[in-house]
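# Chain and residue survey
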Amino acid sequence: MLASNTNSSVFIRPMTHQDLEIVINLHRKSFDGYMNVFLGKQFLKKYMSWFVSNSSASAYVAEESNIVVGYFIGAPVGYPIELNKYLLKVGIWSIISHPKIFLHPNFIQTIRSRLKIFLKKNKNISLKDSESFFSLVGIACDPNIRNIGVGKKLMDEFKCFVFKNGYSMARLSVYEENYIARSFYEKNGWKFLSKNKNIINYYLKIIL
Ligand SMILES: CC(C)(COP(=O)(O)OP(=O)(O)OC[C@H]1O[C@@H](n2cnc3c(N)ncnc32)[C@H](O)[C@@H]1OP(=O)(O)O)[C@@H](O)C(=O)NCCC(=O)NCCS
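Heads up: these notes are all about the structure in this document. (Residues numbered from 1 in each chain as written. Predicted model: local features only at pLDDT ≥ 70, side-chain atom pairs only at ≥ 80, totals over all residues.)

## A closer look at the sheet that holds strand E5 (residues 169-175)
The seven strands lie next to each other as E1-E2-E3-E4-E5-E7-E6, forming an open sheet whose pairing is mixed. Both edges of this open sheet fall to strand E1 (11-14) and strand E6 (191-196), since each of them pairs with a single strand only. Strand-to-strand, the axes of this sheet are offset by a mean angle of 30 degrees, without reference to chain direction. Pairing analysis gives seven bridges linking strand E2 (residues 58-64) to strand E3 (residues 67-76), with the strands arranged antiparallel. Its bridge partner being in E3, Ala59 is matched across the sheet by Ile73. Strands E1, E2, E3, strand E4 (133-141) and E5 of the sheet are contacted by helix H6 (residues 150-164), whose axis makes an angle of about 35 degrees with E3. Of the strands in this sheet, E5 and strand E7 (199-205) touch helix H7 (residues 179-187), which is tilted by about 160 degrees from E5. (Pairing = 2+ DSSP bridges. Helix = DSSP H or I, 4+ residues; strand = E, 2+ residues; numbered from the N terminus. Axes fitted to C-alpha atoms, helices over the stretch in contact; angles between N-to-C directions. Contact = placed C-beta atoms within 7 Å.)

## Digging into the site of the ligand
The local shell around the ligand holds 19 residues, among which Arg146, Gly151, Lys152, Ser183 and Phe184 are the closest. No other element matches the five residues that H7 contributes to the shell around the ligand. For the shell around the ligand, the residue count by class is nine nonpolar, seven polar and three charged. (Near = placed C-beta within 6 Å. Nonpolar A, V, L, I, M, F, W, Y, C, P; charged D, E, K, R; others polar.)

## Brief notes about the nonpolar core
Of all hydrophobic cores here, the largest spans 46 residues; its most connected members are Val23, Met48, Tyr60, Ala62, Tyr71, Phe72 and Leu154. Once residues within four sequence positions are removed from consideration, Leu154 is found in contact with Ile12, Tyr60, Ala62, Gly70, Phe72 and Ile139. (Core = buried A, V, L, I, M, F, W, Y, C linked by C-beta atoms within 7 Å. Buried ≥ 20, exposed ≤ 12 C-beta atoms within 10 Å, placed from the backbone.)

In structure tokens form, the structure reads like this:
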């Protein structure tokens, strides 16, 4: 049973492979209509598992009474080069088996940006070269327990992780129309960095 008006019994711990099923369900509820959700469960499992397995990435969950109620994932800026390589086979298979993806409004833009990343790979840009910023790739809480501070707990853990791992700056991207998330980020100290079409980039100087 989830507490309805408190987050005091919520604690944050590293995500494990056993959490993936429930994290994926949470992700699907939180990001309905997003491209990676269109690609299906198998794709999402592989996607999330990269953050759990990769030693330079971070993946944490918020847990209450043994139930996972939130998560965040992050990685050093430049991570899509390795991630895309890891996802190539399952990505191709998921596109073929979910042909509706071709109708997704962001399909062309996403494929174009993935191709650009592959081309950059040829210029030998690696995860290690671009480690001065750490990316917050995703954060979400169960819709039933939002706006009671669980997101902030996850965010505080993210800041700790980033700081402990030797970074002083973090960044993230969010859709312009995601007003709730933008308000949440701004409340947690994130500042406007740049805008590209309907995507806003924020940065955070990590001070603990
Ligand atoms: C963004 C998100 C993680 C915030 O988690 P949360 O646990 O609700 O956030 P907290 O309770 O710690 O923070 C509360 C702050 O978030 C914002 N917020 C949360 N819910 C809100 C709502 N329904 N309306 C407006 N602002 C809201 C406000 O800034 C709020 O502060 P305030 O109440 O003082 O105005 C959560 O809304 C979520 O999972 N959203 C869906 C997934 C998503 O969009 N993720 C971000 C994109 S990567």
